[in-house]
Amino acid sequence: MNEVIIPERTHISPAPTVAWTPLGENAILIMGACDAIPSKVPVALDGNPRNRVETMALTWRRPQAEPSVGVGFICLAPAPSPDRPGAGAILLGRPGRPLRLILTPKPLALPAFLEALAEEAGPAFPTVVDGLLEVLLAGKSNPRRLRAVGLLLQSVAKPGGFIEVMGPLDESVFLQGWTSNFAAGRTKLLIAHGGLSPAVLEAGTFERGDLGDGARGFFGLLEDCPVRHPGEIERLYFRGNDGWRALEVYERHVLLEASTVPGHLRDGLQNGVAPQGTAEKLRRASQRFDGRDTVCLLDVPVRAGIDDATVIEDAGVLIIGWLFDPERKVKAVTLRSGAQACVVDRLWTRVQRPDVTSAFMEDPRFGPALAARRNSHGFIVFAPKLIPEPGQPLYLEFEVDGTGPAFLPLDPGRGQARRTLERIFGLLDPRSSTASTVVERQVAPALQAAEIAPPRAVENLDIGAFDAEAPLGVVIGLDHRHRELSALFALLAIDPEIRPLPIVIAAPAESFDRTGAEARRLARFYGLSVRLVVVEGVEDACDALEAGVRACRFQTVALLSGAAQIRMPGWLGRLERAYRGRGGQCVASPTLLFEDNSIRWAGAWLEGEGTARHVVNRFVGYPLEAIGNLGPMEVAAGASECCVLSRAAFLEVGGFARNYFTTAEKGLDLCLKLRMSGAPSLWVPEVEVYVVDDGETQRPHIDALTQLADRTSFDRRWALAISNMRG
Amino acid sequence: MRVLVVSHAHPSLSLGGAEVASYNLHKGLQAADGVETHYLARTGAPTPRHASTALMSLRQRGGELLYYAEDYDHFLISNRATEEIERDFVRVLRDLKPDVVHFHHFIGLGLECLYAARDTLPDALIVVTFHEYLSICHHHGQMVKTGAFKLCYRASPTDCNGCFPDISPARFLARETFIKGILGLADHFISPSHFLADRYKEWGLAEERFSVIENGIDVATVAPPRPLPDPAARRSRFAYFGQLTPYKGADVLIDAVTRIPDAVWGEDSILLVYGGNLERQPQAYQDKFAKLVESAGRRVRFCGAFQNHEMPNLMRSVDWVVMPSVWWENSPIVIQEAFFHGRPILSSNLGGMAEKITDEVDGLHFRAGSPEDLVDCMTRALSEPDLWGRLRNGITRPLNHVDCAATHLALYRRLIAKRGAPVPESRVATPMIA
């Protein structure tokens, strides 16, 4: 291009007037005619040579016109200064003879401008528009310019096929339809969606029997797509071999759920073709989770199944399942939901699953791989802190060597921590080391992590002259097990020291229909002042006791678990006197007996030194006579099944911990907390109360595991403090 | 002194030994000077009740009340109809204001009645007579193991769970503490036998609160010895009086009868079985019984159930009474009846029977449950010419109901005196409601 010098101001006259239309704040599109103009030409505002740009002039012949105006043209030019409307002139730096053009006082609106252009350019209009589009798209885009492009495309683009299926996939949009005008691979295009946005389509094509004239089906992903919802897409424009084409969105198009898009991509890849780069991109996209089990489609010997998946409220996800991977193809297993992820194969405990082995033994695809005869296909894992958000699917992603990820959707239930975790015990052989590992590595941490909602009193029913503010009262906590209330009430009533006291009886809401009516009848008959507390969320007697303590305002409370049975009248009086003897700064507990009068609990004692220091139940199992005639004495911890203590002290330490399976550790935990806060435990040997396991619900092997879990949890929490305890 | 005798049933409606004993006490007390006595007995289905009250009269004598109780927990010996106890039983106590409430059993009534008596009448003397081991043993109070009919020597929650695996030791413990707790409200316990008293003491009731007083019987005339057809004839007629339950051992007796050689049994011997309720027993027992009866043939004659007042007449045709119970028994009224009429008894060497019948003095013992041993006894009875007479002469006349009531009265007075309260003054008979 020749060097063009644009004078600061010219006085060539008369200058022709040209139509123009603004394209954004800084540019205008002008249309005029002259004798000749090069395709690239510098242009500036008359009198403002510093605002010079180089523009592309698009021309057409005007055969009927004078030679001086035999060439029509349009080009971009700098916008005139807004403070001098209508006074603007444009200088085109044609080589040797600059062309001065006077802008019409008022610009044309774009549609009117294009209409005028169409009339002016005649048969050359499409070519001119085509070039104009290139010019407009090449420059820095702005809404007006894009709007101009949109209007231009609308008028020039020819039909180029239809989009029949759309669906979102992360940052991309999946498209499927048919076209005759682009080949598989990477295609630049424009998306009309109210506005106009550039994007790239990575697409493959496939044969379709329902199309003619060389049309092919296509499938692919719109990348870098600013449109988040495919429904906003009105049409796509792309440049084919013969000019711009429009891919219209079929009126009855299908909108896919995001989760199903990878499946459509896989189908497309299976049936269609694409250049390697595109195919690779689409394949990676197709390997995202789409709600389907893709593990079962793997060609390699990898299979997986889920026996149970439970979201433990506020704690995490517990998964019990199996992974059959005899050739160790799986490199990682990740639990995912939305943006949350947890690499579970670093946490899980593998367990024996001979049933999985035998199931695959019969399958010729897997039999040879089983030579190793390993059975540890099962796994149990607690994924902490991963709580699926509503609407977000939960799935396992298996990174399989050589084939990319495969997915296994989970359909988790929701459960309370304790009940969910207890289910695991039923699956374990308590004699196996696996059981211990599962308990220590999965169950105990899960229970400790769980935020278990406290029991909640939902209703209080008072019978008799119940005094909630009494200085001393009895709190009885019932669990879900059947209790002989007739016996309990009679033994309360025949004790003259208890009969005048207010008694709180806290019972689970689930069984209250039965126990409530019976308790009311018995309270009336025996003339007892009773507050019946209906409690939701009771998992054991400690929960009920907790709610019961909170449902009264006694200064001193005598806790009596539903598992306890009164052995003799006078027990409470003697306990309370021992409690008062220590100034009310203690937890006074009696000797607890089994039903055969052997000792269940006679003080919790500290034994060992340093890290070996631990709390032991020293006399458990011995005949009652073994403890002789001892007086009250301080012990490491008391027994929450039956004790007298300050209600305020109970509340100050937060009551019972909920992160244990058994009431034994809960009670121990409570008494140690009270001890740390200045209320040590006092054992009153002369008072005896029965606490009997209910044989009707005993599950020996599960009990062994729950005890192991609780010991593990207790040690984690208390080992250090106990190692430093004196006494 | 005003006494309320409480019984678990009225003998006119249910003819068991305990009912008869309680009623005899009531009658005996009525005969005593200065005592006003009332009798309250439990009744239940199928007797139709009044809707508005548990109390009824059923046209019994004045001073007698029936109390309807059916909402009953057999395991705990507990009456769930506590509202009726408050409304009706307590009303009777308040109206009568008895000085002594004497429970002659509480089965069906529930221990709550005993509690209500203590609660309503804190100063009244409460006495309980035990008739079997129901407080100790859930197996019908028999202290016989379930299943194999092995004798039970000691109850505990664990042992009882062995008999009833579906009931946990915890529940048995609750039963025990409940029953002991309520029984602890009574002032005194009476047992008709030392054997039964000892069992309760071993179970945990205070020894000093026990007295042994035999039940008194109320029989007017003594049945003479069976007239023999000729002086050389043998005392060869045996009788069984009692229900045909597995515990009573009638099957052992019939088995023994079938084993006695014809040469010994002869043509003159016969076993008369007075009893019923076989149809209520377990099918296996009924089948076993039917087979034995078939084997015994003409040696056994079934006479059906009997009423207590028929006893003197029935005794007329009997030489020996056989008591083959395979459970401990307490103090069966049959023993007193037989002795009253001078009939020696062949009995199991167990519990209350062994206590009440002295071997070789007023009867013979055989090993409980052993038909072979019983065969030996019966063979002696049929073979030893002087045995019947010797044993008959060894019999001590049993306590009658009036003497029995007098013994009770003496006990009441002693206990009241011991408590420091004045002995209630004698009062003439008053209308029912004081």
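Computed from a predicted model, the values in this text were never measured in an experiment.

Participant: Residue-level account of the overall build of chain B, with values.
Facilitator: Helices and strands together make up the secondary structure of chain B, namely 15 helices and 16 strands. Relative to a compact globule of 434 residues, whose C-alpha radius of gyration would be 22 Å, chain B shows 22 Å and is just as compact. Reported as C-alpha extents along the three principal axes, the dimensions of chain B are approximately 65 × 50 × 40 Å. The buried share among the 434 residues of chain B stands at 49%.

Participant: Could you give me a rundown of the overall build of chain A, with the residues and numbers involved?
Facilitator: Of regular secondary structure, chain A possesses 15 helices and 37 strands. Dimensions of chain A along its principal axes, counting C-alpha atoms only, are 135 × 70 × 50 Å. Per-residue burial over chain A gives 46% buried out of 727 residues.

Participant: Tell me about the interface of chain B and chain A, residues and numbers included.
Facilitator: On the chain A side, the residues contacting the 23 residues of chain B number 20 residues. Secondary-structure elements contributing two or more residues to the side of chain B that touches chain A are α2 (82-96), α3 (111-120), α4 (157-163) and α5 (169-183) of chain B. Sort the elements by how many residues they give to the side of chain B that touches chain A and α5(B) lands first, with nine residues. Classifying every residue of the side of chain B that touches chain A gives ten nonpolar, nine polar and four charged.

Participant: For the pairing of strand β2 (residues 36-43) of chain B, give the residues involved together with the corresponding values.
Facilitator: Residue and element names in this part refer to chain B. Counting buried positions over the eight residues of β2 gives eight, a clear majority of the element. Here β2 shows no split at all, with Glu36, His38, Leu40 and Arg42 on one side and Thr37, Tyr39, Ala41 and Thr43 on the other all buried. Following the chain from strand β1 (residues 2-7) across helix α1 (residues 17-31) to the adjacent parallel β2, one finds a crossover that is right-handed.

Participant: Let's hear about the sheet that holds strand β22 (residues 394-400) of chain A: which residues, and what values?
Facilitator: All names here are of chain A. Strand order in the open sheet formed by four strands is β19-β18-β22-β23, with antiparallel pairing between adjacent strands. Each having just a single partner strand, β19 (340-343) and β23 (404-410) make up the two edges of the open sheet. Averaged over all pairs of adjacent strands, the angle between their axes in this sheet comes to 25 degrees, without regard to strand direction.

Participant: So, unusual backbone geometry: which residues are in play, and what are the values?
Facilitator: All names here are of chain B. In the segment running from alanine 45 into proline 46, the intervening peptide bond is cis, with an omega of 5 degrees. Looking at the secondary structure, you find proline 46 in the loop between β2 and β3 (55-56). Not every positive phi belongs to a glycine, and isoleucine 77 is a case in point at roughly 55 degrees. Tracing the backbone through its elements, the reader meets isoleucine 77 in the loop between β5 (72-73) and β6 (78-79). Taking the C-beta count within 10 Å as the criterion, isoleucine 77 has 25 such neighbours and is therefore assigned buried. The phi dihedral of methionine 143 is positive, around 55 degrees, even though this residue is not glycine. The residue methionine 143 is located in the loop between β8 (125-129) and α4 in this model.

Participant: Just give me the short version of the environment of A:Ala279, but keep the residues and values in it.
Facilitator: Residues and elements named next belong to chain A. On the secondary structure map, alanine 279 appears in helix α5 (residues 276-286). C-alpha of alanine 279 to C-alpha of phenylalanine 656: the two residues are 377 residues apart in sequence and 60 Å apart in space. With residues up to four places along the chain from it excluded, the contact list for alanine 279 reads Gly204, Leu269 and Ala274.

Participant: Please set out the packing of helix α7 (residues 417-425) of chain A against helix α8 (residues 433-449) of chain A residue by residue, giving values where relevant.
Facilitator: All names here are of chain A. Contact geometry for α7 and α8: axes closest at 10 Å, N-to-C directions at 170 degrees. As far as their axial angle goes, α8 and α7 are roughly antiparallel. Judged by residue contacts, Ala417, Arg418, Leu421 and Ile424 of α7 engage Val438, Val443, Ala446 and Leu447 from α8. The residue makeup of the contact of α7 with α8, split by class, is seven nonpolar, no polar and one charged.

Participant: Account for the nonpolar core, naming residues and giving values.
Facilitator: One recurring pattern in soluble globular proteins: nonpolar side chains tend to sit buried together. Residue and element names in this part refer to chain A. Membership of the largest hydrophobic core comes to 276 residues, with the highest contact counts inside it found for Val475, Ile505 and Ala506. Two domains each donate at least three residues to this core, and these are domain 3 (301-415) and domain 4 (453-562). Those residues in contact with isoleucine 505 that sit more than four places away from it in its chain are Ile476, Leu478, Ala519, Val530, Leu532 and Val533. Counting residues in hydrophobic clusters, the runner-up holds 78 residues, among them Ala148, Val149, Leu152 and Ala184.

Participant: Quick one: what's the story with helix α7 (residues 250-259) of chain B, residue by residue and with numbers?
Facilitator: In an α-helix, one full turn covers 3.6 residues, which means residues spaced three or four apart are oriented alike. Residues and elements named next belong to chain B. Of all the ten residues making up α7, eight are buried; the element is thus mostly covered by neighbouring parts of the structure. Buried residues of α7: Ala250, Asp251, Val252, Leu253, Ile254, Asp255, Ala256 and Val257, and no others. For α7, the secondary structure elements touched by its buried residues are β11 (237-241), β12 (270-274), α9 (283-296), β13 (300-304), β14 (320-323) and α13 (371-383).

Participant: Go over the pairing of strand β2 (residues 27-34) of chain A, please, and point to the residues and values.
Facilitator: All names here are of chain A. In terms of burial, β2 is largely enclosed, as seven of its eight residues are buried. Sheet topology note: the strand β1 (residues 17-23)/β2 ladder contains five bridges and is antiparallel. Bridged to threonine 21 within β2 is leucine 29. Between β1 and β2, which follow one another and run antiparallel, lie three residues, and glycine 24 among them has a positive phi close to 80 degrees. Where β2 and strand β6 (residues 71-78) come together, eight bridges link them in antiparallel fashion. Pairing of isoleucine 28 across the sheet is with alanine 77, part of β6.

Participant: Before we move on, can you summarise the environment of A:Gly194 with the specific residues and values?
Facilitator: Tracing the chain through its elements places A:Gly194 in the loop between β11 (185-193) and β12 (195-206). Since 11 C-beta atoms lie within 10 Å of it, A:Gly194 is described here as exposed.

Participant: So what about the domain arrangement of chain A? Which residues, and what values?
Facilitator: In many analyses, interface size is given as the accessible surface area lost on bringing the parts together. As assigned here, chain A comprises domain 1 (17-150), domain 2 (157-286), domain 3 (301-415) and domain 4 (453-562). Inter-centroid distance (C-alpha atoms) of domain 1 of chain A to domain 3 of chain A is 66 Å.

Participant: Quick one: what's the story with the sheet that holds strand β13 (residues 216-223) of chain A, residue by residue and with numbers?
Facilitator: All names here are of chain A. Taken together, the seven strands give a closed barrel; going around it, the order is β9-β10-β13-β12-β11-β14-β15, and neighbouring strands pair in mixed fashion. Along the sheet, successive strands turn relative to each other by an average axial angle of 35 degrees, direction set aside. Note that strand β9 (residues 158-169) and strand β15 (residues 243-255) share six bridges and pair parallel. What sits directly across from lysine 158, in β15, is arginine 245. Lying over the sheet, helix α3 (residues 143-156) contacts β11, β12, β14 (235-240) and β15, oriented at roughly 50 degrees with respect to β12.

Participant: Give me α5(A): which residues, what numbers.
Facilitator: Residues and elements named next belong to chain A. Within α5, burial applies to Thr278, Lys281, Leu282, Ala285 and Ser286. The arc enclosing the buried residues of α5, seen along the axis, measures out at 135 degrees, which places them on a common side. Across from the buried face of α5, at angles greater than 90 degrees, the exposed residues are Gln276, Gly277 and Glu280. In the core, the buried residues of α5 are packed alongside β9, β10 (172-179), β11, β12, β13 and α4 (261-271).

Participant: Lay out the packing of helix α1 (residues 110-121) of chain A against α3(A) with the relevant residues and their values.
Facilitator: All names here are of chain A. Look at α1 against α3: their axes get within 11 Å of each other, and the N-to-C directions meet at 45 degrees. By the angle class used here, α1 and α3 are oblique. Where α1 crosses over α3, the two elements pack in a sense that is right-handed. On the side of α1, the interface is formed by Leu110, Pro111 and Leu114, while α3 contributes Arg147, Ala148, Leu151, Leu152 and Ser155. Split into classes, the residues belonging to the contact of α1 with α3 amount to six nonpolar, one polar and one charged.

Participant: I'd like a rundown of the confidence of the model for chain B, residues and numbers included.
Facilitator: The predicted model of chain B averages 92 in pLDDT, with 97% of residues at 70 or higher. Interface predicted TM-score (ipTM) for the complex: 0.87; the corresponding pTM is 0.73.

Participant: Explain the environment of B:Pro398 to me, and be specific about the residues and the numbers.
Facilitator: Checked against the element boundaries, B:Pro398 lands in the loop between α14 (387-394) and α15 (401-419). Between the C-alpha atoms of B:Pro398 and B:Phe195, which are 203 residues apart in sequence, the distance is 18 Å.

The rules we used
- Residues numbered from 1 in each chain as written.
- Chains lettered and ligands numbered in written order.
- Predicted model: local features only at pLDDT ≥ 70, side-chain atom pairs only at ≥ 80, totals over all residues.
- Helix = DSSP H or I, 4+ residues; strand = E, 2+ residues; numbered from the N terminus.
- Rg over C-alpha atoms; globule rule 2.2 N^0.38 Å.
- Buried ≥ 20, exposed ≤ 12 C-beta atoms within 10 Å, placed from the backbone.
- Contact = placed C-beta atoms within 7 Å.
- Nonpolar A, V, L, I, M, F, W, Y, C, P; charged D, E, K, R; others polar.
- Right-handed = clockwise from strand over helix to strand, strands pointing away.
- Pairing = 2+ DSSP bridges.
- Axes fitted to C-alpha atoms, helices over the stretch in contact; angles between N-to-C directions.
- Parallel < 35°, antiparallel > 145°, perpendicular 65-115°, else oblique.
- Core = buried A, V, L, I, M, F, W, Y, C linked by C-beta atoms within 7 Å.
- Domains from an automatic or database assignment.
- Arc of directions from axis to C-beta.
- Left-handed = near helix turned anticlockwise from the far one by under 90°.
- pLDDT = per-residue confidence, 0-100.

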